[in-house]
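Inside the fold
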Amino acid sequence: MKSNEFLAYIEKQVADCAKEESALIAENRKDEANMERIKSNVYGIAKSLYQVTEELAGKHGEDHATMFVDKLEAVMTPWKKSLEAAKKHADSEKECVELIKLSVAEEIVKVFQS
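Residues numbered from 1 in each chain as written. Predicted model: local features only at pLDDT ≥ 70, side-chain atom pairs only at ≥ 80, totals over all residues. Heavy atoms only, no water.

Counting its secondary structure elements, the protein contains four helices and zero strands. Secondary structure elements of the protein occur, N-terminal to C-terminal, as α-α-α-α. Taking the contacts inside the protein whose residues are at least 6 apart along the sequence as the reference set, 61% of them involve residues at least 24 apart. Carbon and sulfur atoms make up 51% of the accessible area of the protein, which amounts to about 7000 Å² in all. Charged side chains of the protein number 17 positive and 22 negative; the gap between the two group centres comes to 2 Å. (Helix = DSSP H or I, 4+ residues; strand = E, 2+ residues; numbered from the N terminus. Contact = heavy atoms within 4.5 Å. Areas by Shrake-Rupley, 256 points an atom, 1.4 Å probe, with all protein chains shown as cover. Lys, Arg positive; Asp, Glu negative; His and termini not counted. Charge placed at Lys NZ, Arg CZ, Asp CG, Glu CD.)

Take a look at the structure:
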């Protein structure tokens, strides 16, 4: 996927999450609104990683796609550990949060690689 297309995708997802979050807040559905904010944050992290790795890859002559996916997967590693800890301690709220973060990050990788 081209850089401008990927960034446009990310920005659309952030805007969609913000719109959905606002609608849920208006309906007094705070928990669901918080989940939309979490999704938006993951998209924001991916955007920042994408921009930084694009610059670094150019400076160091490395493959941007590989660098971006590697960095995003590195961010996902503590989320996976946190998910396992939440399962171990039967913390369903934390488990839900980590599942959302991982799901969005995995979606981002798939879209990026398409």
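As a further point, take the side chain of K101. Following the sequence through the fold, K101 ends up in helix α4 (residues 92-113). When near neighbours in sequence (up to four residues on either side) are disregarded, K101 contacts I38, V42 and W79.

What the rule picks out here adds up to eight aromatic pairs. Where F6 meets Y50, the ring centres are 4.9 Å apart and the plane angle is 45°; that geometry is what we call tilted. Note that F6 is positioned in helix α1 (residues 3-26) and Y50 in helix α2 (residues 30-60), a separation of 44 residues in sequence. Judged by its relative accessible area of 0%, F6 falls in the buried class. With a relative accessible area of 2%, Y50 lands in the buried category. With a centroid separation of 5.9 Å and 75° between ring planes, the pair formed by Y50 and F112 is classed as edge-to-face. Of the two residues, Y50 is situated in helix α2 and F112 in helix α4; the sequence distance between them amounts to 62 residues. (Phe/Tyr/Trp six-rings, centres within 6.5 Å; stacked < 30°, edge-to-face > 60°. Buried < 20%, exposed > 50% of the residue type's maximum accessible area, 1.4 Å probe, protein only.)

Quick look at the environment of A57 now. By the secondary structure assignment, A57 is in helix α2. We classify A57 as buried; its relative accessible area is 4%. Each C-alpha atom, one on A57 and one on F68, is 9.0 Å from the other, the two residues being 11 residues apart in sequence. Once residues lying within four places of it in the same chain are set aside, the contact partners of A57 are E62, D63, H64 and M67.

Despite not being glycine, N28 has its phi angle at roughly 60°, a positive value. Taking the relative accessible area as the measure of exposure, N28 reaches 69% and is therefore exposed.

Ranked by internal contacts, the top residues of the largest apolar core, which has 26 residues, are F6, I10, Y43, F68, L72 and I108. Mapped by element, the contributors of at least two residues to this core are α1, α2, α3 (64-88) and α4. Discounting chain neighbours no more than four positions away, the residues touching I10 are Y43, A46, K47 and I108. (Core = buried A, V, L, I, M, F, W, Y, C linked by side-chain atoms within 4.5 Å.)

The end-to-end C-alpha separation of α1 is 35 Å, in line with the 34 Å expected for 24 residues at 1.5 Å each. Among the residues of α1, F6, L7, Y9, I10, Q13, C17, E21 and L24 are the ones counted as buried. Of the residues flanking the end of α1, it is N28, one or two places downstream, whose phi is positive at about 60°. (Expected span 1.5 Å × (residues − 1).)

These values are about where atoms sit, not about what they do.
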